[in-house]
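One letter stands for each residue in the lines below.
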Amino acid sequence: MVQLVGSLRKELADSISTCRVLVVGAGGIGCELLKNLVLTGFKNIEVIDLDTIDVSNLNRQFLFQKKHVGKSKAQVAKESALQFCPTANITAYHDSIMNPDYNVEFFRKFVLVMNALDNRAARNHVNRMCLAADIPLIESGTAGYLGQVTVIKKGMTECYECQPKPTQKTFPGCTIRNTPSEPIHCIVWAKYLFNQLFGEEDADQEVSPDTADPEAEWNSETVARATATEKDGDVKRVSTKEWARSTGYDHVKLFNKLFKDDIMYLLTMDKLWKKRKAPIPLDWQHLQDSACPQEDSPASGLKDQQVLGVWGYCQLFQHSVETLRSQLYDKGDAAELVWDKDDPPAMDFVTAAANLRMHIFSMNMKSRFDVKSMAGNIIPAIATTNAVIAGLIVLESLKILSGQLESCRTIFLNKHPNLRKKLLVPCVLDPPSANCYVCVSKPEVTVKLNVHTTVILSLQDRILKERFGMVAPDVQIEDGKGTILISSEEGETEANNNRFLSDFGICNGSRLQVDDFLQDYTLLINILHSEELGRDVEFEVVGDAPDKAPPPQTNQEEVNSITNGNKDSARPSTSSMAPSEADDIMLVESDEGETLSSSLTAAATTASSKRKHSDAETGEAFNKRPRMDQSSAADAPAGADDEDDDIMVLD
């Protein structure tokens, strides 16, 4: 007769009470998961999270209360979870899981790791640490009404990085600065502007017109005038922030510079406007004189979901600039502000600046809610989705502790029931990919770049750390001499940073061995030299997944009716069009606490690209979407073709 402890077999209950597990992340999923674990009987839990509690977390991260705002998520989650089970032994770390202190030996202490993370870099890192430690990892994520849970085990299943993910969506600088055609371009510009005025200035985030735009064509007089301002000569050059400070952050001067003078300057670039609708400059005094009194009266509906008039956004611009100026001055001379979607003045500034630019370029303006969703890459979090996913994580953990790894499944939570009336769809775990550059026995990739223009620092930061997710890479050239190119030991190879790859004899066909000792990971990189990379493209990983699926077929008449902007930019803003509903929302970066993957476009999957899998319950074949990811951090899916397909894939 089987002995039971509550609803569990005694052997399983004993295993639960004695095993040690690690929870990475104490946000939306993490809070629900901690509660589930202690109520299931887990006694030895360690939880790690670098974040502190924000007011915006309180609507769904139920272990936190208003009095906890500003405190460590991990520590408060521990204290709150202990109220459910005071005998549990919970250790909290207010730290980043990517800290070198949490090495392979640290991971080997655990029987099981459960991810409740919000960004790809941390997911990649935990994936590699669990592979190196050879312990099971349960990966999870939610986005709106969608969710996913999967199990990763070295040698048995796909790892998190088996499916190639496109690089984070970026936009050419000249599009942001000169020819925005979608609301997201204006929102990115406004975020850049915030940093240029109040934050840390970045040359890659310039907001003034781009005089080097290859599309621009000026007459000789205009060229001479423009190039004169580009040269140092007798012209004293000052940064945007220095100029703004010199004006005392005068909102009228800022406004006229950004939305009048710069726009008039753009209009001198004749060629840009031959096939585009030209922008229309705004003048503060003219707008003030012609402002309609009704614009000042509050509209009906929720404040964040209202779309103001042009003068309304002018007033919001004024108010936010004055507030941010006060914050900056209060911090001292060399102070900098950091943009945060949950900081009202910062969000007001981006909302106002982005909408004014949208109006100038003939796009319909957006509500603060819509702007925040795109600027912060938020797919509205649903508390019940987090609860469902956290419950599924525990169910999968019980299978692992029972020694039934072969019974584990990838489980998808859909927004609508499929044809068999299911919201939850389990499917068999995929085996490791033979092409994975992480979990195969000898990882190897080919990188196409220009060895004469790529410097060592770019190889380290942009390719090894950003693209391949390494933390502390060491690089040596396979040249028979073992030349050390990059060392993770501070100061050893910093003199190499600004030298070109070709300076070290690296050419087409060269091979680099890269080791990350923290991740216990070695990667062999084959260099493919090319001088024909696209504009603004530093490198390409040969064999990567395409950055996006083929676009849907569009009616030509519809295309012709759109001058500046896409179909979305020609529509009025409405908060009923939440990002989770909009299949073509492109995420720039991710910082929301429950998101696992990027949005999927409605046309992302064609019939020929779908793979067949067996339903774990019925044995019927059904279609599984190929995995795609367009972010970072990003990381958040949107509903598409729910009537057709059984599942939605979140990477």
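See above for the structure.
About the cut-offs
Residues numbered from 1 in each chain as written. Predicted model: local features only at pLDDT ≥ 70, side-chain atom pairs only at ≥ 80, totals over all residues. Heavy atoms only, no water. Helix = DSSP H or I, 4+ residues; strand = E, 2+ residues; numbered from the N terminus. Polar contact = N/O pair within 3.5 Å; in protein donor to acceptor, adjacent residues only side chain to side chain. Expected span 1.5 Å × (residues − 1). Buried < 20%, exposed > 50% of the residue type's maximum accessible area, 1.4 Å probe, protein only. Pairing = 2+ DSSP bridges. Axes fitted to C-alpha atoms, helices over the stretch in contact; angles between N-to-C directions. Contact = heavy atoms within 4.5 Å. Patch = residues over 30% accessible without salt bridge, like charges linked within 9 Å, V, L, I, M, F, W, Y side chains within 5 Å. Areas by Shrake-Rupley, 256 points an atom, 1.4 Å probe, with all protein chains shown as cover. Salt bridge = Lys/Arg side-chain N within 4 Å of Asp/Glu carboxyl O. Lys, Arg positive; Asp, Glu negative; His and termini not counted. Charge placed at Lys NZ, Arg CZ, Asp CG, Glu CD. Core = buried A, V, L, I, M, F, W, Y, C linked by side-chain atoms within 4.5 Å. Phe/Tyr/Trp six-rings, centres within 6.5 Å; stacked < 30°, edge-to-face > 60°. Lys NZ or Arg CZ within 6 Å of the ring centre and 35° of its normal. Left-handed = near helix turned anticlockwise from the far one by under 90°. Nonpolar A, V, L, I, M, F, W, Y, C, P; charged D, E, K, R; others polar.

Would you mind showing me how to read the side chain of glutamate 158 here?
Mapped onto the elements, glutamate 158 comes out in the loop between strand S8 (146-152) and helix H6 (173-177). Here the side chain of glutamate 158 touches glutamine 163 through a polar contact of 2.6 Å, side chain to side chain.

Any chance you could explain helix H2 (residues 28-40) here in plain terms?
Because each turn of an α-helix spans 3.6 residues, side chains separated by three or four positions in sequence point in the same direction. Counted at 1.5 Å a residue, the expected span for H2 with its 13 residues is 18 Å, and the 19 Å between its end C-alpha atoms agrees. Summarising burial for H2: 11 of the 13 residues are buried, a large majority. Looking only at H2, the buried set comprises Gly28, Ile29, Gly30, Cys31, Glu32, Leu33, Leu34, Lys35, Asn36, Leu37 and Val38. Count one or two residues on from H2 and you reach glycine 41, which has phi positive near 120°.

Whenever I open this one, the sheet that holds strand S9 (residues 409-413) confuses me. Can you help?
Pairing between the strands of a sheet is mediated by backbone hydrogen bonds and can be parallel or antiparallel. The eight strands are arranged S5-S4-S3-S6-S7-S8-S9-S10 in an open sheet whose pairing can be described as mixed. Of all the strands in the sheet, the pair left with one neighbour each is strand S5 (89-93) and strand S10 (424-428). Here the strands of the sheet are splayed against their neighbours by 15° on average, with no regard to which way each runs. Pairing analysis gives five bridges linking strand S3 (residues 20-24) to strand S4 (residues 44-48), with the strands arranged parallel. Among the inter-strand pairings, valine 23 is bridged to a residue of S4, identified as valine 47. Strands in contact with H2 are S3, S4, S5, strand S6 (112-115) and strand S7 (137-143); relative to S4, the strand with the most contacts, it is inclined by about 170°.

Can you walk me through a negative patch on the surface in this structure?
On the surface, a cluster of negative charge is made up of Glu200, Glu201, Asp202, Glu242 and Glu336. Position of glutamate 201 relative to the elements: it lies in the loop between helix H7 (183-197) and helix H8 (220-230).

Looking at this structure, I do not really get the nonpolar core. What am I missing?
A general trend in soluble globular proteins is that nonpolar side chains are found buried together. Ranked by size, the top nonpolar core spans 55 residues in total, and within it Trp189, Phe198, Phe255, Phe259, Phe317, Phe349 and Leu356 carry the most contacts. Within the residue set of this core, elements represented by two or more residues are H7, helix H10 (251-267), helix H11 (284-290), helix H12 (310-331), helix H13 (344-360) and helix H14 (368-375). At 10 residues, H13 tops the list of elements feeding residues into this core. Apart from the residues lying within four places of it in its own chain, the contact partners of phenylalanine 317 are His251, Leu254, Phe255, Leu258, Phe259, Phe349, Ala352 and Leu356. By size, the runner-up hydrophobic cluster in this structure holds 54 residues, among which are Ala132, Tyr160, Ile456 and Phe468.

Before we go on, may I ask you to explain the pattern of salt bridges in this structure?
Opposite charge on two side chains makes pairing possible when the charged atoms of those side chains draw close. Inspection of the entire model under this criterion finds 21 salt bridges. Between glutamate 538 and arginine 462 there is a salt bridge, with its nearest N and O atoms 2.9 Å apart. Placement of glutamate 538 in the loop between strand S15 (521-529) and strand S16 (539-541) and of arginine 462 in helix H16 (residues 456-467) is noted, with a sequence separation of 76 residues between them. Relative accessible area serves as the criterion here: at 30%, arginine 462 is assigned to the partly exposed category. Taken together, the salt bridges that share partners define one network made up of Arg20, Glu46 and Lys109.

Sorry if this is basic, but what is going on with the packing of aromatic side chains here?
How two aromatic rings sit relative to each other is set out by the distance from centre to centre and by the angle between their planes. A complete count under the given rule lists 19 aromatic pairs for this structure. With a centroid separation of 6.4 Å and an interplanar angle of 45°, the aromatic rings of tryptophan 273 and phenylalanine 361 are classed as tilted. Here phenylalanine 361 lies in the loop between H13 and H14 and tryptophan 273 lies in the loop between H10 and H11, a separation of 88 residues in the sequence. The exposure classification of tryptophan 273 matches that of phenylalanine 361, with both residues buried. In textbook terms, an aromatic cluster arises when at least three aromatic residues are bridged by ring pairs, as seen for Trp189, Phe194, Phe198, Tyr249, Phe255, Phe259, Trp284, Trp311, Phe317, Tyr329 and Phe349. Above the face of the tryptophan 189 ring, arginine 357 is positioned so that its terminal group lies 4.3 Å from the ring centre. The lysine or arginine in question, arginine 499, covers the ring of phenylalanine 504, its NZ or CZ lying 4.3 Å from the ring centre.

Would you mind showing me how to read the packing of H12 against H13 here?
Any two packed helices are characterised by how steeply their axes cross, that is the angle between the axes, and by the distance between the axes. Between H12 and H13, whose axes approach to 8 Å, the crossing angle comes to 145°. Once H12 is placed against H13, the crossing between them reads as left-handed. For the pair H12 and H13, the contacting residues are Val310, Tyr313, Cys314, Leu316, Phe317, Ser320, Val321, Thr323, Leu324 and Gln327 in the first and Pro345, Ala346, Asp348, Phe349, Thr351, Ala352, Asn355, Leu356 and His359 in the second. Of the residues belonging to the contact of H12 with H13, the class tally is 12 nonpolar, six polar and one charged.

Teacher, can you tell me more about unusual backbone geometry here?
With the exception of glycine, the majority of residues adopt a negative phi angle, and the majority of peptide bonds are in the trans configuration. Of note, the phi angle at tyrosine 249 is positive, near 55°, even though the residue is not glycine. The residue tyrosine 249 is located in the loop between helix H9 (240-246) and H10 in this model. Accessibility expressed as a relative area gives 0% for tyrosine 249, which makes it buried. Its identity as a non-glycine residue notwithstanding, lysine 421 has a phi of 65°, on the positive side.

What is the right way to look at the sheet that holds strand S12 (residues 473-477) in this model?
The sheet built from six strands is open, its strands ordered S13-S12-S14-S15-S11-S16 with mixed pairing. The open sheet has two edge strands, strand S13 (484-486) and S16, and neither has a second partner. Direction aside, the axes of adjacent strands within the sheet are offset by 30° on average. Here H16 sits on the sheet in contact with strand S11 (444-449), S12, S13, strand S14 (511-516), S15 and S16, set at roughly 65° to S13.

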